[in-house]
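Spelled out, the chains give:
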Amino acid sequence: FSKKYKTILQGRRKLPVHDQRENFLSLIQSSQFVVLVGETGSGKTTQIPQYLVYNELSHLKGKQIACTQPRRVAAMSVAQRVADEMDVVLGQEVGYNIRFEDFTSPKTFLKYMTDGMLLREAMSDHTLSRYSAIVLDEAHERTLSTDILMGLLKEICKTRKDLQVIIMSATLDAGKFQKYFNDAPLLNVPGRTFPVEVFYTSEAEKDYVEAAIRTVLQIHSNEPEGDILVFLTGEEEIETACREIKWEGEDLMRQNKCGPLMVVPLYSTLSPVAQQKIFAAAPVGRPGGPPGRKIVVSTNIAETSLTIDGIVYVIDPGLSKQKVYNPRIRIESLLVSPISKASAQQRAGRAGRTRPGKAYRLYTETAFDEELLEQTYPEIMRSNLGNVVLQLKQLGINDLVRFDFMDPPAPETLMRALELLNYLGALEDDTSMTKTGRLMAAFPLDPQLSKMLIESPNHKCSNEILTITALISVPPIFVRPRGAEKPADAAKAKFVHQDGDHLTLLNAFLEYKKNERNPQWCRKNFINERSMKSAVNVRKQLLRVMEKKGLAITSVMGNNRFYSTIIRKAICSGYFMQVAHREPSGHYATLKDNQPVVLHPSSSIKSKPEWILYDEIVLTSRTYIRTCVEVNVDWLFEGTSDYYTDLSSFPNCDGKRALEQ
Ligand code: ADP
Ligand code: MG
């Protein structure tokens, strides 16, 4: 064994779960379901799956152990850690599997994976026969996929008595899980946490990013040794804050007012190498001088999914990006929203891992008491169920109303989902699955996207639609840094296609492919290289599914001068329900609900066409439609269902007349 292995092993023996190992092993002897609750950092995610491995190694018989995570970053990072702990190479005995990235081998017996991926596997293997044990981690987060998996596993375990299921959670709502899993026994891992002093602001903060930066610098200049964890809501915000903290901190250091600092961002789209930086040790200050410090600026990944040792100060603006769904207007969007009291407590707890700490809440105590919910609603209550329904159907569950959900979705939302899938041609009127539906479920995509993709061979432009699908499934490829808006816009102008953003994206991708070998190209053209690379990767994977399903790959660009029309027609085949119409007033309104919307300023469309198809609605200060193309009303009816005949609010225009004739 390597030296690193031995050092790690000593640390592992000090983790609170280590003392519970025998208890755990005896509980799984006596019960098929076990609920395990323990503070963040007590060793649940890294240790419990290993206990299972060593316990079952002799009788795994080629089966695997899976541990699910709601977040990709957690799955990757923990898999790496456990591979180190077991002294094996990541991707061999221990691996991970997240959407579009399978890092496992035939040798793999322990696999960390997103809950979504396990759900996807259950579609082709209804009894999850390749696993001997499944650990559902972070169950308290109540993600959509975890909720469905819980219902599914409850069912599967009725016939597969050899399957062991462990439900792990960081908070103490264990009773609900125990009850749901037929009164499963509970293993409570006693935490070893230190007291955390909580501070509130006396008044509401106007700009929480600015307030967070200010608080970091105050702590850094005045407080004794200890690292800082700041919770912000997204990539852009985090990168901006990191830059400013670094800049101001270095200035303070030059004035000899504080020690060296290391600022590290943490969010889901970071590369694995960049993610690992959060675990690096803080810089050391000069002897007798002010302390050096590590400052981690993170999304709520750091709330319970990843433990960073050495954190003593937590800064919590009380917000996170959350999926919000409004079933009336059928918009699902990520919105910066207030966190729950339970989350605020978790966040504060991160300061007391190694010694007494301090948590600075950037809101008032009254706001905490009166405005924050006790708990966030489970995601299933905030989701567009279209994809879920398709997945459940594919899992062989026909009676959705009787599916044993821990918290069933609102009937209204379920109906909307069935309706959407019916219009897309995925479900028959009696809600049985069509051939199209089965084909759609083969793609890890939203129903509109998968519909557009499987229709594209009929338009002979599947090559282009594949690219477009990949590009809208990854984070934005165009960057527009603060202070460099002009050169960024000028760079983008070279790719702009007047018919709309999907075509502009396509142009940028084709240029990128031509210049792939040129390391300067992305930076010069204000293209996010990581996004482009992941689009290339996603495209490859989707192409593989297309080929497997026998869908023809054909190109229209370079072969047909009407390529733009053809591509936009293909887009309509999936997105015919997401269209806005120009009203006589000159403003746009969505077709389905007559909701006023504004074309996003980033759009390539500079004219004011009568009909605009949009990929998403973004709610910020206004209701924007983003990633748009100009369309012709006739295309909306082509080959689609009776959606428009059912639509009551169709505006008075040529399209309607055409329809009535
Ligand atoms: P839990 O799941 O209960 O929150 P984990 O099993 O994730 O706890 O973490 C247990 C401990 O393992 C952490 O406190 C930390 O010290 C260590 N650890 C986990 N991941 C890493 C990593 N990537 N690098 C270094 N240490 C890690
Ligand atoms: Mg964990």
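Everything numeric here is computed off the predicted structure, so don't read it as measured data.

Asks: Talk me through the overall build of the protein chain; I want residue IDs and the actual numbers.
Replies: Across its full length, the protein chain carries 26 helices and 21 strands. Here the C-alpha atoms of the protein chain give a radius of gyration of 26 Å, agreeing with the 26 Å that 2.2 N^0.38 yields for 661 residues. Principal-axis analysis of the C-alpha atoms gives the protein chain an extent of 80 × 65 × 55 Å. Scored against the burial criterion, the 661 residues of the protein chain give a buried share of 56%. Looking at the protein chain alone, contacts between residues at least 24 apart form 72% of all its contacts between residues at least 6 apart. Counting only carbon and sulfur atoms, one obtains 50% of the accessible surface of the protein chain, whose full area is about 29,600 Å². Here the protein chain contributes 83 positively and 78 negatively charged side chains, and the mean placements of these two sets differ by 5 Å.

Asks: Residue-level account of the nonpolar core, with values.
Replies: In terms of nonpolar packing, the biggest core is built from 108 residues, with Ile134, Val389, Leu392, Ile465, Ile567 and Leu636 touching the most fellow members. Top element by residues in this core is helix 6 (residues 144-159). It accounts for eight residues. With residues up to four places along the chain from it excluded, the contact list for Ile465 reads Met452, Leu453, Ser456, Ile567, Ala570 and Ile571. If you look at the next biggest cluster of nonpolar residues, it comprises 51 residues, including Leu90, Tyr112, Val135 and Ile278.

Asks: So what's going on with the pairing of strand 13 (residues 311-316)? Which residues, and what values?
Replies: Most of strand 13 sits inside the fold, with six of its six residues counted as buried. Here strand 13 pairs with strand 16 (residues 357-361) via four bridges, running parallel. The residue of strand 16 that forms the bridge with Ile315 is Tyr360.

Asks: Run through the site of ligand 1, naming residues and quoting values.
Replies: The environment of ligand 1 is formed by 14 residues, the closest being Gly41, Thr45, Thr46, Asp309 and Arg353. Lys44 places a main-chain nitrogen or oxygen 2.9 Å from an oxygen atom of ligand 1. Measuring from a nitrogen atom of ligand 1, one finds a side-chain N or O atom of Arg81 at 3.3 Å. In the complex, the protein chains occlude 89% of the 560 Å² of accessible area that ligand 1 would expose alone. The dominant element in the shell around ligand 1, judged by the number of residues it contributes, is helix 3 (residues 44-56), at three residues. Taken together, the residues that form the shell around ligand 1 break down as two nonpolar, seven polar and five charged.

Asks: Before we move on, could you go through the environment of Ala170 and cite the residues and values that matter?
Replies: Inspection of the secondary structure puts Ala170 in the loop between strand 7 (164-169) and helix 7 (174-180). When the C-alpha atoms of Ala170 and Ile605 are compared, they prove to be 47 Å apart, with 435 residues separating the residues in sequence. Excluding residues that lie within four positions of it along the chain, Ala170 makes contacts with Gly38, Thr40, Lys44, His140, Thr304 and Gln346.

Asks: For helix 19 (residues 485-493), give the residues involved together with the corresponding values.
Replies: Turning to helix 19, its buried residues are Ala488, Ala491 and Lys492. Projected down its long axis, helix 19 carries its buried residues within an arc of 95°, all on one side. Structurally, helix 19 contributes buried residues whose contacts are with helix 20 (501-514) and helix 21 (521-524).

Asks: Tell me what's going on with the environment of Gln178, and back it up with residues and numbers.
Replies: Mapping Gln178 onto the fold places it in helix 7. For the pair formed by Gln178 and Val216, sequence separation is 38 residues and the distance between their alpha carbons is 41 Å. Leaving out residues up to four positions away in the same chain, Gln178 has contacts with Val35, Asp183, Ala184, Pro185 and Leu186.

Asks: Describe the sheet that holds strand 5 (residues 110-114), and please don't skip the residues or the numbers.
Replies: One open sheet accounts for eight strands, arranged 4-3-5-2-6-7-1-8; its pairing is mixed. A strand with exactly one partner marks an edge of an open sheet, and here the two such strands are strand 4 (101-103) and strand 8 (186-189). This sheet shows a mean twist of 20° between the axes of neighbouring strands, independent of strand direction. Here five bridges tie strand 1 (residues 33-38) to strand 7, and the two strands are oriented parallel to one another. In the strand pairing of strand 7, Val37 is matched with Ser169. Those strands touched by helix 5 (residues 115-124) are strand 2 (64-69), strand 3 (94-98), strand 5 and strand 6 (131-136), and its axis lies near 100° from that of strand 5. The strands touched by helix 6 are strand 1, strand 2, strand 6 and strand 7; relative to strand 6, the strand with the most contacts, the crossing angle is about 150°.

Asks: Provide a residue-level description of the confidence of the model for the protein chain, including the pertinent values.
Replies: Here the protein chain averages 90 in pLDDT, while 95% of its residues score no lower than 70. Reported for the predicted complex are a pTM of 0.80 and an ipTM of 0.98.

Asks: Outline the packing of helix 18 (residues 462-472) against helix 20, supporting the account with residue identities and numerical values.
Replies: How two helices pack is summed up by the angle between their axes together with the distance between the axes. Taken N-terminus to C-terminus, the directions of helix 18 and helix 20 make an angle of 95°; their axes are 9 Å apart at the nearest point. With respect to their mutual orientation, helix 18 and helix 20 come out roughly perpendicular. Across the interface between the two elements, Glu464, Thr467, Ile468, Leu471 and Ile472 of helix 18 pack against His502, Leu505, Leu506 and Phe509 of helix 20. Considering only residue class, the contact of helix 18 with helix 20 consists of six nonpolar, two polar and one charged.

Asks: Outline the side chain of Thr627, listing residues and values.
Replies: Structurally, the position occupied by Thr627 is in strand 21 (residues 623-630). Residue classification places Thr627 among the buried positions, given a relative accessible area of 15%. Sequence-distant contacts of Thr627, defined by excluding residues within four places in its chain, comprise Ile472, Asp501, His502, Leu505, Leu613, Tyr614 and Asp615.

Asks: Which residues make up the environment of Thr467, and what values go with them?
Replies: Turning to its location among the elements, Thr467 is positioned in helix 18. We classify Thr467 as buried; its relative accessible area is 4%. Linking Thr467 and Arg539, residues 72 residues apart in sequence, is a C-alpha distance of 6.2 Å. Within polar-contact distance, the side chain of Thr467 engages the backbone oxygen of Asn463 at 3.1 Å.

Asks: Quick one: what's the story with the packing of aromatic side chains, residue by residue and with numbers?
Replies: With the rule as written, the count across this model stands at ten aromatic pairs. Aromatic side chains Phe403 and Phe405 sit 4.7 Å apart centroid to centroid with 70° between the ring planes, which places their arrangement in the edge-to-face category. Owing to a relative accessible area of 11%, Phe403 belongs among the buried residues under this scheme. Overall, Phe405 belongs to the buried group, its relative accessible area being 8%. Taken together, Phe478, Phe495, Tyr512 and Trp521 form an aromatic cluster joined through their ring pairs.

Asks: Any chance you could break down the sheet that holds strand 19 (residues 596-599) for me, citing the residues and the numbers?
Replies: Within the closed barrel, the five strands sit side by side as 17-18-19-21-20. Their pairing is mixed. Pairs of neighbouring strands in the sheet enclose a mean axial angle of 50°, with direction left out of account. Relative to strand 21, strand 19 runs parallel, the two being bridged by two bridges. Residue pairing for strand 21: Leu599 is matched across the bridge by Ile625.

Calculation rules
- Residues numbered from 1 in each chain as written.
- Chains lettered and ligands numbered in written order.
- Predicted model: local features only at pLDDT ≥ 70, side-chain atom pairs only at ≥ 80, totals over all residues.
- Heavy atoms only, no water.
- Helix = DSSP H or I, 4+ residues; strand = E, 2+ residues; numbered from the N terminus.
- Rg over C-alpha atoms; globule rule 2.2 N^0.38 Å.
- Buried < 20%, exposed > 50% of the residue type's maximum accessible area, 1.4 Å probe, protein only.
- Contact = heavy atoms within 4.5 Å.
- Areas by Shrake-Rupley, 256 points an atom, 1.4 Å probe, with all protein chains shown as cover.
- Lys, Arg positive; Asp, Glu negative; His and termini not counted.
- Charge placed at Lys NZ, Arg CZ, Asp CG, Glu CD.
- Core = buried A, V, L, I, M, F, W, Y, C linked by side-chain atoms within 4.5 Å.
- Pairing = 2+ DSSP bridges.
- Near = heavy atom within 4 Å.
- Polar contact = N/O pair within 3.5 Å; in protein donor to acceptor, adjacent residues only side chain to side chain.
- Nonpolar A, V, L, I, M, F, W, Y, C, P; charged D, E, K, R; others polar.
- Arc of directions from axis to C-beta.
- Axes fitted to C-alpha atoms, helices over the stretch in contact; angles between N-to-C directions.
- pLDDT = per-residue confidence, 0-100.
- Parallel < 35°, antiparallel > 145°, perpendicular 65-115°, else oblique.
- Phe/Tyr/Trp six-rings, centres within 6.5 Å; stacked < 30°, edge-to-face > 60°.

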